[in-house]
Amino acid sequence: KGIFSDGTPEALEKLKEDGQEIHETVVSVHSSIRKQLRHVLGYQAVIEGASEAIGVNLGEDLEAAIQDLLFTVENHHKTQRLGREDQTCPNMNG
């Protein structure tokens, strides 16, 4: 979750203070989210099939992983919007 744990202007300022390129960080996190999503969706099909076959819900941990991923995505979007609004982040507008 890191800088995207709250999606606040303070998180954006922390990036600047640390000398990180906001655009590069957002692109990197976006790539990470896509990978996580592919893994979760891959496991989801297998777990749902196994759960149905044995009649026991095996997806509780998967549901927690999906909620964590949704939280990360939501805050990633907040940070993207902050970056676009920030005049010192011209690369976020493209």
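It should be noted that the structure appears before, not after, this text.
Described below are features of the structure shown in this document. (Residues numbered from 1 in each chain as written. Predicted model: local features only at pLDDT ≥ 70, side-chain atom pairs only at ≥ 80, totals over all residues. Heavy atoms only, no water.)

A closer look at the overall build of the protein chain
Broken down by element type, the protein chain carries three helices and zero strands. Traced from its N-terminal end to its C-terminal end, the protein chain shows the element sequence α-α-α. Buried positions account for 27% of the 94 residues belonging to the protein chain. Taking contacts inside the protein chain between residues at least 6 apart in sequence as the whole, the part at least 24 apart equals 61%. For the protein chain, the accessible surface area stands at approximately 6400 Å², while carbon and sulfur atoms represent 53% of it. (Helix = DSSP H or I, 4+ residues; strand = E, 2+ residues; numbered from the N terminus. Buried < 20%, exposed > 50% of the residue type's maximum accessible area, 1.4 Å probe, protein only. Contact = heavy atoms within 4.5 Å. Areas by Shrake-Rupley, 256 points an atom, 1.4 Å probe, with all protein chains shown as cover.)

Concerning a negative patch on the surface
Together, Glu48, Glu52, Glu60, Asp61 and Glu63 make up a negatively charged patch on the protein surface. At the level of elements, helix H2 (22-54) and helix H3 (60-85) are the ones that each hand at least two residues to the negative patch. Here the negative patch gets three residues from one element, more than from any other, and that element is H3. Within the secondary structure, Glu63 sits in helix H3. (Patch = residues over 30% accessible without salt bridge, like charges linked within 9 Å, V, L, I, M, F, W, Y side chains within 5 Å. Salt bridge = Lys/Arg side-chain N within 4 Å of Asp/Glu carboxyl O. Lys, Arg positive; Asp, Glu negative; His and termini not counted. Charge placed at Lys NZ, Arg CZ, Asp CG, Glu CD.)

Points about the environment of Arg84
Position of Arg84 among the secondary structure elements: in helix H3. For Arg84, a relative accessible area of 42% gives the class partly exposed. The spacing of Arg84 and His23 is 61 residues in sequence and 9.4 Å in space, taken between C-alpha atoms.

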